[in-house]
Amino acid sequence: MDKREAIGSWLSGPRATAEQAGVAFGYRGEDLGLPEEGPGSIARPGRRLGALAVDWAMSVLIASQLITQSYDQTTSNWALLVFFVMGALTVGTVGFTPGKRLFGVRVVALDTGRVSPWRGMLRTALLCLAIPALIWDRDGRGLHDRLARTVEVRI
C-alpha cells in the first residue's frame, strides 16, 4: 500500500475501509427485521427532519397566537411545552404527529408494534432535550428511539 492509498482509506472513513475488507453491513433496519424499502422500512432522515420542522412550526404558531399573542423568548418556552404535549399525546395514541403523518412517517414499538402512552411520553421528553436525537446508531435511530425501544418507519 502506498501513501495515497493509506490517506484515501483514512479520508473515506472506517466504514469504507471495513467494506473493502469484506465486512457486510447490510441495509438500515435489517437487524430490526424491517424491509429494505417501501412501507415498514426505516424512514429516511429527510422525511423525519421535515416532519420535525412541521411539528415545531405548528407548536410555535399555537404558542405565539393562542398563548402569548406575540413572538418573544417566552413564546419559545411555550412552544416547547406545546411540542411536548402534542408529541406525547399523538405518538402515544395514534403513532404519529401531524408532521409525521404529512410526511408519511409512523413511530412503532419494536416489541409490540404499538407505542404505549408512557413510551410516547418518554420518547418525546428525550426528543425535547435535543441531544439524544442527535446521536444516531447504524440503523439511523436516535438515542431517544433506542431508549424508548421505538423506530420511525414509512407508512
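Details of the structure are given in the entry above.
Just so we're clear, the structure is a prediction, and the values are computed from it rather than from any experiment.

### What to know about the nonpolar core
Move 1: Core analysis: the largest hydrophobic core is formed by 5 residues, namely Leu-34, Ile-42, Val-108, Val-151 and Val-153.
Move 2: If near-sequence neighbours (up to four positions away) are discounted, Val-108 is found in contact with Gly-113, Val-115, Arg-149, Thr-150, Val-151 and Val-153.

### Examining the packing of helix H3 (residues 45-67) against helix H4 (residues 73-93)
Move 1: It is the contact of H3 with H4, at a shortest axis distance of 8 Å, that shows an interaxial angle of 125°. For the element pair H3 / H4, the angle class is oblique. Regarding H3 and H4, the two cross each other, and that crossing is right-handed. Listed contacts from H4 to Leu-52, Asp-55, Trp-56, Met-58, Ser-59, Val-60, Ile-62, Ala-63, Ser-64 and Ile-67 of H3 are Thr-75, Ser-76, Trp-78, Ala-79, Leu-80, Val-82, Phe-83 and Met-86.
Move 2: Its residues assigned to classes, the contact of H3 with H4 comprises 13 nonpolar, 4 polar and 1 charged.

### Looking at the environment of Arg-154
Move 1: The residue Arg-154 is located in strand E2 (residues 150-154) in this model.
Move 2: Owing to a relative accessible area of 28%, Arg-154 belongs among the partly exposed residues under this scheme.
Move 3: Sequence spacing of Arg-154 and Phe-103 is 51 residues, and the spatial spacing of their C-alpha atoms is 8.7 Å.
Move 4: Contacts of Arg-154, omitting those with residues within four sequence positions, involve Gly-38, Pro-39, Gly-40, Ser-41, Ile-42, Ala-43, Arg-47 and Gly-104.

### Observations concerning the pattern of salt bridges
Move 1: By the definition in use, this model includes 9 salt bridges.
Move 2: We note a salt bridge from Glu-152 to Arg-48, for which the minimum N-O separation is 3.9 Å. Taken together, the residues span a long stretch of sequence, with Glu-152 in strand E2 and Arg-48 in helix H3 at a distance of 104 residues. The pair Glu-152 / Arg-48 is uniform in exposure class, with both members buried.
Move 3: Among the salt bridges present, the one from Arg-141 reaches Asp-137, with a minimum N-O distance of 3.7 Å. The burial state of Arg-141 is the same as that of Asp-137; both residues are buried.

What counts and how
- Residues numbered from 1 in each chain as written.
- Predicted model: local features only at pLDDT ≥ 70, side-chain atom pairs only at ≥ 80, totals over all residues.
- Heavy atoms only, no water.
- Core = buried A, V, L, I, M, F, W, Y, C linked by side-chain atoms within 4.5 Å.
- Buried < 20%, exposed > 50% of the residue type's maximum accessible area, 1.4 Å probe, protein only.
- Contact = heavy atoms within 4.5 Å.
- Axes fitted to C-alpha atoms, helices over the stretch in contact; angles between N-to-C directions.
- Helix = DSSP H or I, 4+ residues; strand = E, 2+ residues; numbered from the N terminus.
- Parallel < 35°, antiparallel > 145°, perpendicular 65-115°, else oblique.
- Left-handed = near helix turned anticlockwise from the far one by under 90°.
- Nonpolar A, V, L, I, M, F, W, Y, C, P; charged D, E, K, R; others polar.
- Salt bridge = Lys/Arg side-chain N within 4 Å of Asp/Glu carboxyl O.

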